[in-house]
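Structural overview for review
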Amino acid sequence: MESVTHLPGLSAVMIWTLLKVLIVFSAVMGIASLWTWVERRGSAMLQDRIGPNRALLFGRWQLLGLPQLVADGIKFFFKEDQVPPHVTKSLYWLAPVLAFVPALIGFAVIPFGRDFTYKGVPYHLSILEPGNSMGMLFPLAIGAVAVYGILVAAWSSNNKWAILGGMRASAQMVSYEISLGLAVLAIFMKVGGYDPSEIIKDQMASGWFIWRQPLGFLVFFTCMFAESNRLPFDFAEGEAEIVGFHNEYGSMKFALIALSEYGHIITASALIATLYFGGWAVPFMPEAPVLLTILFFLIKLLFFLWVFVWVRWTLPRFRYDQLMFLGWKVLLPISMANLIFNAWLMSRGH
Amino acid sequence: MFLVFALITIIGALAMFRQKNVIVAGLCMVLTFFGVAGLFLMLSNPVAAALQIIVYSGAIMVLVLFTIMLLNSHEEEPAIQARPIQRWVGASLIAVFGAFAFYIVMGSKALADIDKASRPIAGMNLVRVGEEIFRHYLLGFEIIGLLLLSAMVGAVALTKKEL
């Protein structure tokens, strides 16, 4: 580290930031591609099937179907990249990027381990340092922008099923964002701050929010499924009825869109873990070593990622009017009641 | 950095005006909002930047695009009869508002203090926004809330045939 810092224009802080970006980027991408495999094996397990087992590494090792990942990657790369003649070209190319970028950068604000001090310099384990005044507003903003990938893909495809999927998705994401925001507001209010590290510290001091705000958790959890367009709310895709915003996409462009869905569920799981399950906090160990906190964060993250797969292959899809009913007439009043009840509880103390 | 964000804002706005396709024009407007959010960040006001993206890019423009898609009129319709006076009124309004904004900015207290800014400017955060609204601008806040509520009730009353 000493010799590197003498390079012109490179400080330890910059190297540390670059390192964090690299770690988070590769971790998110790695988990996302791994999860395409977990999804298929998991669905096979839940449906009493065998699942992918035909791809063999060097023609020998089956490894529970894990080589399927490599096979898929090679296939996506070498498939002919067809652009249908009826699409709006520029937007058709732009859409996978618009879908992929928000899925990646939403994670930037989430702390994945305890802060530590090395040689008197404090280091934080999140890409955006705490105290940036953006805090939890950042993932909300990124989540709000994520809908453009779907909208642009749907519209530029110039295909009525794609547009149908895109319209469903945009209406759904906008409707559920309101309850989502209100559920998170109740947490901001209790903590008295909106920085993820403050939220985690507060949870370490006085208990995880899953116990203190079970209603808020229920709303947030449901909204996360709607925001990441997963079953039981996968109206953007509607796999069973060919309606899908990415109908016209193939090869690597489709791979980007598919991976961005996994990127979203990784961010969603990380948010659930951070807001309601103490983030990197280790139960009954307030002074846990740094590596243990990272491990605990990973365990929580992977658990909720598995819940996303679990729910997808367990629950059937809602009807569209049921989705709107649930969003506006059930979740919104619940989250409002949660907010007002918590405000009332807090105001009694004064 | 300022130039980058300013250029993004202006190019987005100009492209929106030149664009005949309504959906692409909407997307150009989103680009403009991102430029404005970047400008807010440079003014050390990340809260305004985040809210700009959440509210304008994330909710309002999505709803506008949604409505355009629903109505299925993707091309701008030509005017039935040209009214050149509209252009003159538009241009003069832009001039008046531009001069007004320039006058306000040049006369503001923050600009007078900017030369003797030995202390770093405190970044805005949600706590300070809340304090400002509920200490100093409570009346305006309540009036806006009432206005929005009445707009919402009016929208429902207009669209529902039988109440």
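Since this is a predicted model, take the numbers as computed values, not measurements.

**Thoughts on the packing of helix H3 (residues 89–105) of chain A against helix H5 (residues 147–157) of chain A**
Residues and elements named next belong to chain A. H5 packs onto H3 with a crossing angle of 165° between their chain directions and a minimal axis gap of 8 Å. Taken as axis vectors, H3 and H5 run roughly antiparallel relative to one another. Both H3 and H5 take part in a crossing whose hand is left-handed. Listed contacts from H5 to Leu-91, Tyr-92, Leu-94, Ala-95, Leu-98, Ala-99 and Pro-102 of H3 are Tyr-148, Gly-149, Ile-150, Val-152, Ala-153, Ser-156 and Ser-157.

**A short note on the packing of helix H6 (residues 160–191) of chain A against helix H12 (residues 320–348) of chain A**
All names here are of chain A. Following both chains from N to C, one finds H6 and H12 inclined at 15°, their axes separated by 9 Å at the closest point. The angle between the axes of H6 and H12 places the two elements in the roughly parallel class. Helix-helix and strand crossings are classified by hand; for H6 and H12 the assignment is left-handed. Among the residues forming the contact of H6 with H12, the class breakdown is 17 nonpolar, 7 polar and 2 charged.

**Notes on the interface of chain B and chain A**
Across the contact, 21 residues belong to chain B and 21 residues belong to chain A. Within the residue set of the side of chain B that touches chain A, elements represented by two or more residues are helix H2 (22–42) and helix H3 (46–71) of chain B. Broken down by element, the residue count for the side of chain B that touches chain A peaks at 14 residues, all from H3 of chain B.

**Topic: the confidence of the model for chain B**
Residues and elements named next belong to chain B. Summing up the model confidence of chain B, the mean pLDDT is 84 and the portion of residues at 70 or higher is 88%. The element-level mean pLDDT for chain B is lowest in helix H5 (residues 109–113), coming to 70, with helix H7 (residues 138–159) highest at 93. Both scores are given for the predicted complex: the pTM is 0.86, the ipTM 0.80.

**A word on the nonpolar core**
Residue and element names in this part refer to chain A. Grouped together as the largest cluster of nonpolar side chains are 114 residues, with contacts concentrated most on Leu-137, Ala-141, Phe-220 and Ile-272. The biggest single contributor to this core is helix H10 (residues 251–276), with 15 residues. Setting aside residues up to four positions removed in sequence, Ile-272 forms contacts with Phe-220, Phe-221, Met-224, Phe-277 and Phe-304.

**Points about the confidence of the model for chain A**
Residues and elements named next belong to chain A. For chain A, the mean per-residue pLDDT works out to 85, and 96% of the residues sit at or above 70. Here strand E2 (residues 121–123) stands out as the element of chain A with the lowest mean pLDDT, 77, in contrast to helix H11 (residues 290–312), whose mean of 91 is the highest. With pLDDT under 50 throughout, residues 1–5 is counted as low confidence; its partners more than four residues away or in other chains account for 6 contacts.

**Quick word on helix H4 (residues 84–107) of chain B**
In this model H4 of chain B runs 35 Å from its N-terminal to its C-terminal C-alpha over 24 residues, within 8% of the 34 Å that 1.5 Å per residue would give. Counted residue by residue, H4 of chain B has 0 buried out of 24 residues, so it is predominantly exposed.

Conventions adopted
- Residues numbered from 1 in each chain as written.
- Chains lettered and ligands numbered in written order.
- Predicted model: local features only at pLDDT ≥ 70, side-chain atom pairs only at ≥ 80, totals over all residues.
- Axes fitted to C-alpha atoms, helices over the stretch in contact; angles between N-to-C directions.
- Helix = DSSP H or I, 4+ residues; strand = E, 2+ residues; numbered from the N terminus.
- Parallel < 35°, antiparallel > 145°, perpendicular 65-115°, else oblique.
- Left-handed = near helix turned anticlockwise from the far one by under 90°.
- Contact = placed C-beta atoms within 7 Å.
- Nonpolar A, V, L, I, M, F, W, Y, C, P; charged D, E, K, R; others polar.
- pLDDT = per-residue confidence, 0-100.
- Core = buried A, V, L, I, M, F, W, Y, C linked by C-beta atoms within 7 Å.
- Buried ≥ 20, exposed ≤ 12 C-beta atoms within 10 Å, placed from the backbone.
- Expected span 1.5 Å × (residues − 1).

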